[in-house]
Amino acid sequence: MALCAAVGMLGLLAPAQVTAQAQSGQSASQAAADNRLRDFSIAEQGGTLYLRLDFERPLEAVPAHFSVNEPARIAYDFLNTRNTLGRVQQTVNRGDLRSVNIVEAGGRTRLVLNLSRLPAYDAKIEGNQLVIALAPAARPEAGGSPATATVQALANFSAAPGGEEVARSIQDVTFRRGEGGEGRVVVQLSSADTAVNVFRQGSNLVVDFSDTQLPEHLQRRSDVTDFGTPISTMIAQPQGDNARVTVVPNGLWEHSAYQTESQFVLEVRRLVEDPNRLVQTGGREEYAGEKLSLNFQNVEIRSVLQVIADFTDFNIVTSDSVQGNLTLRLNDVPWDQALDIILQAKGLDKRRTGNVIWIAPTGELAARERQQLEAQAQRGDLEPLVTESFQINYHNAKEIFEFLKSKDQTVLSSRGSVVVDERSNKVFVTDVSSRLDALRRLIQEIDTAPRQVLIEARVVEANKDFARDLGVRMNFGNVPRENAAGETVNSGVGNLGRGARGGIGRFDPSTGLLTSDGGSTGGASPVASFSILNLALFNSSATRFLNLELAALEQDGRGRVVSSPRVLTANQVEASIEQGTEIPYRKETSSGATSVEFKKAVLSLKVRPQITPDGRVQLRVQVNKDRPLFQADITEPAIDTKNVQTEVLVDNGGTVVIGGIYEEEDSTTVARVPLLGEIPVLGALFRNTRRVSNRKELLVFITPRIVSDSLTLR
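In this text the structure is predicted, and so the values were computed from the model without any measurement. (Residues numbered from 1 in each chain as written. Predicted model: local features only at pLDDT ≥ 70, side-chain atom pairs only at ≥ 80, totals over all residues. Heavy atoms only, no water.)

J.: In this structure, what is going on with the overall build of the protein? I would like to understand it.
T.: Of regular secondary structure, the protein possesses eleven helices and 42 strands. In the protein, which comprises 714 residues, the share counted as buried stands at 39%. For the protein, long-range pairs separated by at least 24 residues make up 61% of all intrachain contacts whose partners lie at least 6 apart in sequence. Total accessible area on the protein is roughly 40,200 Å²; 49% of this is exposed by carbon and sulfur atoms. (Helix = DSSP H or I, 4+ residues; strand = E, 2+ residues; numbered from the N terminus. Buried < 20%, exposed > 50% of the residue type's maximum accessible area, 1.4 Å probe, protein only. Contact = heavy atoms within 4.5 Å. Areas by Shrake-Rupley, 256 points an atom, 1.4 Å probe, with all protein chains shown as cover.)

Right under this line is the structure:
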């Protein structure tokens, strides 16, 4: 029933319904019809069925016809023809032909042949009669392929009395690769009415051209494997009075064939196998219509489009400029692909609106659409203006006002205007209603609550041990104890040192340092007060580990946090914070007068965060660590400055080192008595050697945290 609705009046309706349709359209079609179908007969000869249709006047050409595979049907359309047989249906049951339906509507008559399977067929005009031949298919036990009997029967039919003998030949055979990787065999024919039969023979695909000569220079075997298509070999050879092209595909494949005028194209596509699907489909999915076969010989293009309209559920409207005839042969292709092939062959294009397809030349469609756009623009110039106010909640209304007033904006029309009220943070826009709707959607997209980011920077001064131990650390130290003399000593390494005057140092538990007997400071060596075992777990990017390590260093005194500025700012909004002093400097002008200027020596943090879609934070950071250097004899101090500026991507809540300044000082000073201090061995009693090794590093750590609605600061 679905096919009945798609094909239209194919004669599948009940006889009473068809009769009613024919009678209702009789008065409308009587004036237009200038030919009549008078008689209809069926004869069989040598297994071939011959259908003879007798008309009142001879036909000018073989009428337009098409075929459907499932169910098997062949239809012929006779324009301006009335059915005067007095019947609309006839049961045959001979060969592959089961029944015949003849339906008249709208001034034309359609002949539908209902078949058990689709055979090869042909038609020719003999006087006032149209003879349709349905060739039989050879049985397997009869020997030979089905195509052999089919081609021979049609060849005999073409050579029968009343048929025209035409010398047909193949002019060229080429192979091409399509854009989707499909293989295309293109055959150029000398005559557009050459009978072509496409069938499978084992794993090969065979194309027979009936009663056609193949020149000797085209008789060859071509290896086309290098083209990367499903076709590996193509063979062109004569087959008796016919020409045959054999295609050897590989793997899973499907094919389609079509003919435009005198050019025949066989296309083989790769099948993409999906084990979850019962029916495999090709790699290209742009054509999904029901498949059909068409065979037209010099038929008006309007008739071809009418056939497609009857086959589908679409209404096709053609422009008056769509003219000309078309010779076309399509074998088992989707109807939408067939429509595209027809339009491309005649330089036409289509526009679809619902179930209506408008067809016209490409230039005419482009001009029509251009006129529609110009008419819309003119309607916009005449459309009444409307004023609407927009409340801006999270943005500055003046910024939106400046955007709408710029000459590069395309939101408002040329007639639109905008006014801003900064006190209420509103904009008032006057324009046509369509532009106001677009502006309303735009404001809803951009006027959202911004997310906020808390950025914490820690500037750390570290010694050599801190830089070396920045990682997973395991430390061990001993607790200080008193000896028998009541003196506090430490058995750990480095707990004893010699003072500046050579005395034995004493450990001071309040400072953790060794002091000499004279009270001067000796070699400084901080000692752990308890045995310590540190274990740090960290994520893949080590940002959590750095945060834990900073807390541990701050706790055991090996790293000193100089400062820790924090600032809270909105997403993509630059924020800064600074703390320090401003130093006055005297400056003389050209007239001799003096003025005072101030220069900053501060610790400052300037940052601009951007939250990425995956929840991380991209930071543009600038950190300054400045301090004045005061000297006794100089009134205007110099400024020691340290600055780092960079852009980094950090995990939410992670810590990253964005820069470091490393300072190292190594010096050795020798003081000795002249001559005596140079004596070997004994000279050590007359000289003093002082070695100084200072290593210091300034590191800057950044930790961003995205603030959620439930986050509070303590």
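J.: Could you clarify how one ought to interpret unusual backbone geometry in this entry?
T.: Only a minority of non-glycine residues have a phi that is not negative, and only a minority of peptide bonds are not trans. Even without being glycine, asparagine 80 reaches a positive phi, approximately 50 degrees. Note that asparagine 80 resides in the loop between β4 (73-79) and β5 (81-83). Exposure remark for asparagine 80: the relative accessible area of 37% places this residue in the partly exposed category.

J.: Is there a simple way to explain the environment of asparagine 204 in this structure?
T.: Positionally, asparagine 204 belongs in strand β14 (residues 204-209). Taking the C-alpha atoms as reference, asparagine 204 lies 10.0 Å from methionine 234; in sequence the two are 30 residues apart. Those residues in contact with asparagine 204, other than ones at most four positions away along the chain, are Phe199, Thr246, Val247, Val248 and Pro249.

J.: In this structure, what is going on with the sheet that holds strand β17 (residues 231-239)? I would like to understand it.
T.: The pairing of strands in a sheet comes from backbone hydrogen bonds and takes either a parallel or an antiparallel form. Reading across the sheet, the five strands line up as β13-β14-β18-β17-β16 and stay open at both edges, with antiparallel pairing between neighbours. One side of each edge strand has no neighbouring strand; the edge strands of this open sheet are β13 (196-201) and β16 (220-223). With direction set aside, neighbouring strand axes in the sheet form an average angle of 15 degrees. (Pairing = 2+ DSSP bridges. Axes fitted to C-alpha atoms, helices over the stretch in contact; angles between N-to-C directions.)

J.: Just checking my understanding: could you explain the sheet that holds strand β25 (residues 348-353) for this structure?
T.: Strand order in this open sheet of three strands is β23-β26-β25, and the pairing throughout is mixed. Edge positions in the open sheet fall to β23 (315-318) and β25, since each of these has one partner strand only. Direction aside, the axes of adjacent strands within the sheet are offset by 25 degrees on average. Summarising the sheet, β25 and strand β26 (residues 356-361) pair through six bridges and their orientation is antiparallel. Bridge pairing in β26 places arginine 351 opposite tryptophan 358. Contacts from helix α5 (residues 301-311) reach β23, β25 and β26 within the one sheet, and its direction differs from that of β23 by about 160 degrees. Each of β25 and β26 touches helix α6 (residues 335-345); the most contacted strand, β25, lies at about 135 degrees to it.

J.: I would appreciate a short explanation of the pattern of salt bridges in the present structure.
T.: Once their charged atoms are close, side chains differing in charge can pair, the charge on each being opposite to the other. Scanning all chains against the criterion turns up 33 salt bridges. Across the pair aspartate 96 and arginine 117 runs a salt bridge whose closest N-O atoms are separated by 3.3 Å. In this pair, aspartate 96 sits in the loop between β6 (89-94) and β7 (97-105) while arginine 117 sits in the loop between β8 (108-115) and β9 (121-126), placing the two residues 21 residues apart along the sequence. Members of the salt-bridge network, linked through shared partners, are Glu182, Arg184, Glu254, Glu267 and Arg269. (Salt bridge = Lys/Arg side-chain N within 4 Å of Asp/Glu carboxyl O.)

J.: Help me understand the pairing of strand β24 (residues 325-334) in this model?
T.: Every other side chain in a regular strand lies on the same face of the sheet, so the side chains alternate between the two faces. The buried count for β24 comes to seven of ten residues, which makes it a mostly enclosed element. Pairing geometry for strand β22 (residues 291-300) and β24, over seven bridges, is antiparallel. In the sheet register, glutamate 300 faces β24, and the bridge partner there is asparagine 325.

J.: Just to check I follow, could you spell out helix α8 (residues 397-405) for this structure?
T.: In an α-helix, one full turn covers 3.6 residues, which means residues spaced three or four apart are oriented alike. Looking at α8, one finds that the buried residues are Ala397, Ile400 and Leu404. What you see down the axis of α8 is that its buried residues fit within an arc of 65 degrees, all on one side. Buried residues belonging to α8 abut β28 (417-421), β29 (426-431) and α9 (433-446). The residue sitting at the N-terminus of α8 and contributing the capping side-chain oxygen is asparagine 396; that oxygen lies 3.1 Å from the backbone nitrogen of lysine 398. (Arc of directions from axis to C-beta. Polar contact = N/O pair within 3.5 Å; in protein donor to acceptor, adjacent residues only side chain to side chain.)

J.: When you look at the nonpolar core in this model, what are you seeing that I'm missing?
T.: The nonpolar side chains of soluble globular proteins are, as a tendency, buried together. Counting 35 residues, the largest nonpolar core has Leu294, Phe296, Leu305, Leu330, Leu339, Ile342 and Ile359 as the members making the most contacts within it. Listed by contribution, the elements that provide at least two residues to this core are β3 (65-68), β22, α5, β24, α6 and β26. With seven residues, α5 is the single largest residue contributor to this core. Leave out the neighbours within four places in its chain, and leucine 305 touches Ile316, Thr318, Val322, Leu339, Ile342 and Ile359. (Core = buried A, V, L, I, M, F, W, Y, C linked by side-chain atoms within 4.5 Å.)

J.: Got a minute to help me understand α6 in this structure?
T.: Of all eleven residues in α6, nine are buried; the element is thus mostly enclosed. Where α6 is concerned, the buried positions are Trp335, Asp336, Gln337, Ala338, Leu339, Asp340, Ile341, Ile342 and Leu343. Looking one or two places after α6, you find glycine 347, whose phi comes out positive at around 65 degrees.

J.: Help me understand the packing of aromatic side chains in this model?
T.: The geometry of an aromatic ring pair is captured by the separation of the ring centres together with the interplanar angle, meaning the angle of the planes. Overall, the coordinates contain five aromatic pairs when judged by the stated rule. Both rings, one in phenylalanine 55 and one in phenylalanine 78, keep their centres 5.1 Å apart while their planes meet at 50 degrees; by these two values the pair is tilted. Taken together, the positions of phenylalanine 55 in strand β2 (residues 48-55) and phenylalanine 78 in strand β4 put the pair 23 residues apart, joining distant regions of the chain. Owing to a relative accessible area of 2%, phenylalanine 78 belongs among the buried residues under this scheme. Taking the centre distance of 5.6 Å and the plane angle of 90 degrees together, the rings of phenylalanine 209 and phenylalanine 264 count as edge-to-face. In this pair, phenylalanine 209 is assigned in strand β14 and phenylalanine 264 in strand β20 (residues 263-272), connecting sequence segments 55 residues apart. Grouping residues by exposure puts phenylalanine 209 and phenylalanine 264 together as buried. When the ring centre of tryptophan 253 is taken as origin, the NZ or CZ atom of arginine 200, which lies over that ring, is 4.1 Å away. We note lysine 599 situated over the ring of tyrosine 585; from NZ or CZ to the ring centre the distance is 5.5 Å. (Phe/Tyr/Trp six-rings, centres within 6.5 Å; stacked < 30°, edge-to-face > 60°. Lys NZ or Arg CZ within 6 Å of the ring centre and 35° of its normal.)

J.: Before we go on, may I ask you to explain the packing of α5 against α6 in this structure?
T.: Packed helix pairs are specified by the crossing angle of their axes together with the interaxial distance, meaning the distance between the axes. For the pair α5 and α6, the least separation of the axes is 11 Å and the interaxial angle reads 165 degrees. When the axes of α5 and α6 are compared, the pair comes out roughly antiparallel. As for the relative orientation of α5 and α6, their crossing is left-handed in sense. Listed contacts from α6 to Ile301, Val304, Leu305, Ile308 and Phe311 of α5 are Trp335, Leu339 and Ile342. Considered class by class, the residues forming the contact of α5 with α6 number eight nonpolar, no polar and no charged. (Parallel < 35°, antiparallel > 145°, perpendicular 65-115°, else oblique. Left-handed = near helix turned anticlockwise from the far one by under 90°. Nonpolar A, V, L, I, M, F, W, Y, C, P; charged D, E, K, R; others polar.)

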